[in-house]
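# Chains, contacts and geometry: an overview
As a plain string of letters, each chain reads:
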Amino acid sequence: GSTPFDGGNGGTRTAAVLQKLGGLSWWRGLFFSNRSAHSQHAARQPSRIFLRDGMLMQQNVVTRKAVCVEEWDPTPSQWDYLLSLQTPEDRELIQGFRFVADSKRSMVARIMLQSCAVTCLGLQFGEAKFGRTLEGRPYVSNTAEKRPGFNLNLSHHGDWVFLGSEERGVIGVDVVTTKAPRAGEDAETFLLDFEDQLTPWEWVQVRRNGPADASLYFAFFIFWALKESYIKAVGLGFGFTLKRAEFTVEEALLTPEGWAEARARALARPGSAELRRGCVEMAIDGERRPEWRVELGVLGDPDHRVPSHVIAAAIGPHAQASPSLRDALGAVQDGLGGGEEEGEWMEVECVKVEALLSGGLREEYVLRGAPSSRPP
């Protein structure tokens, strides 16, 4: 289901494609560091805490955070408490979904956004206000003067909700499950409806991994997530044709086995998740865009050794965003620059819902919990 924070930038979609995807809104979801990582560890962005206009701030804020909604099992009391923290409009939307899983994704999305505002902007939980550009791209509307350039993006699909934030450039993120969208339908039949969404070169890369259905789905959804992350970053919306963006992906990373081997070589910590840089090249209208940083990763079982979801992030200059998004973010000077090492791994914080709350909010939530409970 869709939420007001889901980005609203789905690219060009035909009714047939939407129907093929079963009415899901995962394509409409709502980083970049100057620090090099040791090859054995994922890098974390260093932060400098300072006070500005009475607000506790973090400089060069970078966030990559994910929550597994499938594992989240709130008690009715916990659910009611989290609902009480939402605006009346958001409460109505969260409760309006037909399926519990959609309500949970919507709830977690809103909590993650407010939590990000607390951590990155020094706001109180619930204090951040969100607006939309003319193209429908969400942004924090009450901080542009104090923190120009800061923006965040969020996506949810399947078992996961994924969020990223940045201030030195615009960011777009996407998460998508690599499972077959509809039971009983082979991959070739499904992919026919997307023939015009990928470039010929991208289809060559996808079909290298056939003919097995699972392999085709995995490779295809990598390109889908990459395209979505770029569209969300620039905030262009339905006016952007997906084939204008073309991606070249390191061949080994188009398979689950390739990700397992790459993470093993990087000595990824058990239970950690990472995004990899330097493994994707992007071109727009046939022109390479080296000024953009594209990150790609996977999520899955507790150790992420068996990928079931693809995550992507695209970060680029504010100057290349839509005019309405640039205006919304305030006057900024892009701080993106070179120097990142190819193959650098960046950590994704996989957290529980309670970790998104702080102080008294977390204490109250935990008090209302019970291990044997079920979601409402």
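Our structure's up above, just so we're on the same page.
Residues numbered from 1 in each chain as written. Predicted model: local features only at pLDDT ≥ 70, side-chain atom pairs only at ≥ 80, totals over all residues. Heavy atoms only, no water.

Glancing now at empty space enclosed by the protein. The space that makes up the largest cavity amounts to roughly 30 Å³. Every residue lining the largest cavity is listed: Val140, Thr143, Ala144, Arg147, Gly149, Phe150, Ala328 and Leu329. Across the lining of the largest cavity, the residue classes tally to five nonpolar, two polar and one charged. (1 Å grid on protein atoms, 1.4 Å probe; cavity = no way out; pocket = protein on both sides within 12 Å on 5 of 7 lines; lining within 4 Å. Points joined across faces, edges and corners; volume = space filled by probe spheres on them. Nonpolar A, V, L, I, M, F, W, Y, C, P; charged D, E, K, R; others polar.)

This part covers the packing of aromatic side chains. Evaluated as defined, the whole model comprises 14 aromatic pairs. Arranged with centres 5.9 Å apart and planes meeting at 40°, the rings of Trp72 and Trp79 form a pair that is tilted. As far as burial versus exposure is concerned, Trp72 and Trp79 are alike and both buried. (Phe/Tyr/Trp six-rings, centres within 6.5 Å; stacked < 30°, edge-to-face > 60°. Buried < 20%, exposed > 50% of the residue type's maximum accessible area, 1.4 Å probe, protein only.)

Attention now moves to the pairing of strand E10 (residues 273–277). Counting buried positions along E10 gives five out of five residues, so the element sits mostly inside the fold. What you see with E10 is no split at all: Ala273, Leu275 and Arg277 on one side and Glu274 and Arg276 on the other are buried throughout. Relative to strand E15 (residues 345–350), E10 is paired through four bridges, and the arrangement is antiparallel. Within E15, the residue paired with Arg276 across the bridge is Trp345. Inspection of the sheet shows E10 paired to strand E13 (residues 293–300) by three bridges, in the antiparallel sense. By the bridge assignment for E13, Arg277 is matched with Glu295. (Helix = DSSP H or I, 4+ residues; strand = E, 2+ residues; numbered from the N terminus. Pairing = 2+ DSSP bridges.)

Let's shift gears to the sheet that holds strand E11 (residues 280–284). Two orientations exist for strands paired in a sheet by backbone hydrogen bonds: parallel and antiparallel. Strand order in this open sheet of three strands is E9-E11-E12, and the pairing throughout is antiparallel. For this open sheet the edge positions go to strand E9 (245–249) and strand E12 (287–288), each flanked by a neighbour on one side alone. Across two bridges, E11 lies against E12 in antiparallel orientation. Looking at E12, one finds that Ile284 is bridged to Glu287. Across the sheet, helix H7 (residues 213–234) touches E9 and E11, and the angle it forms with E9 is around 130°. (Contact = heavy atoms within 4.5 Å. Axes fitted to C-alpha atoms, helices over the stretch in contact; angles between N-to-C directions.)

Take the side chain of Lys232 next. Mapped onto the elements, Lys232 comes out in helix H7. At 3.2 Å, the side chain of Lys232 forms a polar contact with the backbone oxygen of Val173. (Polar contact = N/O pair within 3.5 Å; in protein donor to acceptor, adjacent residues only side chain to side chain.)

The next subject is the pattern of salt bridges. In a structure, side chains of opposite charge can pair up when their charged atoms sit close to one another. Scanning the model with the defined rule gives 17 salt bridges in all. Between Asp90 and Arg110 there is a salt bridge, with its nearest N and O atoms 3.4 Å apart. With a gap of 20 residues between them, Asp90 in helix H3 (residues 88–95) and Arg110 in helix H4 (residues 100–121) connect regions that are remote in the sequence. Asp90 gets classed as buried once you look at its relative accessible area, which sits at 11%. (Salt bridge = Lys/Arg side-chain N within 4 Å of Asp/Glu carboxyl O.)

Once that is clear, we can look at the environment of Thr87. Here Thr87 shows up in the loop between helix H2 (76–84) and H3. Along the backbone, Thr87 and Gly126 are 39 residues apart, and their C-alpha atoms lie at a distance of 8.4 Å.

It is worth spelling out the packing of H2 against H3 at this point. At a closest axis distance of 9 Å, the pairing of H2 and H3 adopts a crossing angle of 140°. Taken as axis vectors, H2 and H3 run oblique relative to one another. The residues of H3 that touch H2, namely those facing Trp79, Leu83 and Ser84, are Arg91, Ile94 and Gln95. Partitioning the contact of H2 with H3 into residue classes produces three nonpolar, two polar and one charged. (Parallel < 35°, antiparallel > 145°, perpendicular 65-115°, else oblique.)

As a further point, take the state of the cysteines. Among covalent bonds in proteins, the disulfide is the one between the sulfur atoms of two cysteines. The final tally for this structure, using the stated rule, is zero disulfides. Sulfur of Cys120: no disulfide; nearest cysteine sulfur belongs to Cys116 and is 3.8 Å away. (Disulfide = S-S within 2.5 Å.)

This part takes up the pairing of E11. Burial runs high along E11: four of the five residues are buried. By the bridge criterion, five bridges tie E9 to E11 in an arrangement that is antiparallel. Across the sheet, Val249 pairs through a bridge with Val280, a residue of E11. In this structure, the hairpin formed by E11 and E12 is closed by a connection of two residues, where Asp285 is found at a positive phi of approximately 55°.

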